[in-house]
Amino acid sequence: MPNIKPVSDLRNYSDVLRDVAVGSPVFLTKNGRGRYAILDMEDYEKNAATLRSLQESEEEGKSGEN
């Protein structure tokens, strides 16, 4: 179950950050719509590595087409 909170809860940011864990981001809404996600650093690094890998694969694919 996703952890969704209004952005106004950041007034008590320590409570919001306490809910962030590996594999369990906190999603913040603004005016009832999803706006931000707070990730654990480990999750962020995994996502960044996956994106780098995908970009490298895409670049290799483009250079192989020529």
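Coordinates for the structure precede this section.
Below: a short report on this structure. The model shown is predicted, which means the values in this text are computed figures rather than measured ones.

## Considering the overall build of the protein
Point 1. Assigned secondary structure in the protein consists of 2 helices and 3 strands.
Point 2. Starting at the N terminus and walking to the C terminus, you meet the elements of the protein as β-α-β-β-α.
Point 3. Over its C-alpha atoms the protein spans a radius of gyration of 17 Å, topping by over 25% the 11 Å that the globule rule assigns to 66 residues.
Point 4. Per-residue burial for the protein yields a buried fraction of 17% across its 66 residues.

## Examining the nonpolar core
Point 1. Core analysis: the biggest nonpolar cluster contains 5 residues, these being Val16, Val20, Val26, Leu28 and Ile38.
Point 2. With residues near it in sequence (within four places) discarded, Val26 still touches Asn3, Lys5, Val16, Asp19, Val20, Tyr36, Ala37 and Ile38.

## Some words on the sheet that holds strand S3 (residues 33-38)
Where strands meet in a sheet, backbone hydrogen bonds hold them as pairs that are either parallel or antiparallel.
Point 1. The mixed open sheet is built from 3 strands, whose spatial order is S1-S2-S3. Bordering the open sheet on either side are strand S1 (3-6) and S3, each of which pairs with just one other strand. Across this sheet, the average inter-strand angle for adjacent strands is 35 degrees, counted without regard to direction.
Point 2. With 5 bridges joining them, strand S2 (residues 26-30) and S3 adopt antiparallel strand pairing.

## Notes on helix H2 (residues 41-65)
Point 1. For H2, built from 25 residues, the straight-helix expectation of 36 Å at 1.5 Å per residue is met to within 8% by its first-to-last C-alpha distance of 36 Å.
Point 2. Its side-chain oxygen at 2.9 Å from the backbone nitrogen of Glu42, Asp40 defines the N-terminal cap of H2.

Criteria and cut-off values
- Residues numbered from 1 in each chain as written.
- Predicted model: local features only at pLDDT ≥ 70, side-chain atom pairs only at ≥ 80, totals over all residues.
- Heavy atoms only, no water.
- Helix = DSSP H or I, 4+ residues; strand = E, 2+ residues; numbered from the N terminus.
- Rg over C-alpha atoms; globule rule 2.2 N^0.38 Å.
- Buried < 20%, exposed > 50% of the residue type's maximum accessible area, 1.4 Å probe, protein only.
- Core = buried A, V, L, I, M, F, W, Y, C linked by side-chain atoms within 4.5 Å.
- Contact = heavy atoms within 4.5 Å.
- Pairing = 2+ DSSP bridges.
- Axes fitted to C-alpha atoms, helices over the stretch in contact; angles between N-to-C directions.
- Expected span 1.5 Å × (residues − 1).
- Polar contact = N/O pair within 3.5 Å; in protein donor to acceptor, adjacent residues only side chain to side chain.

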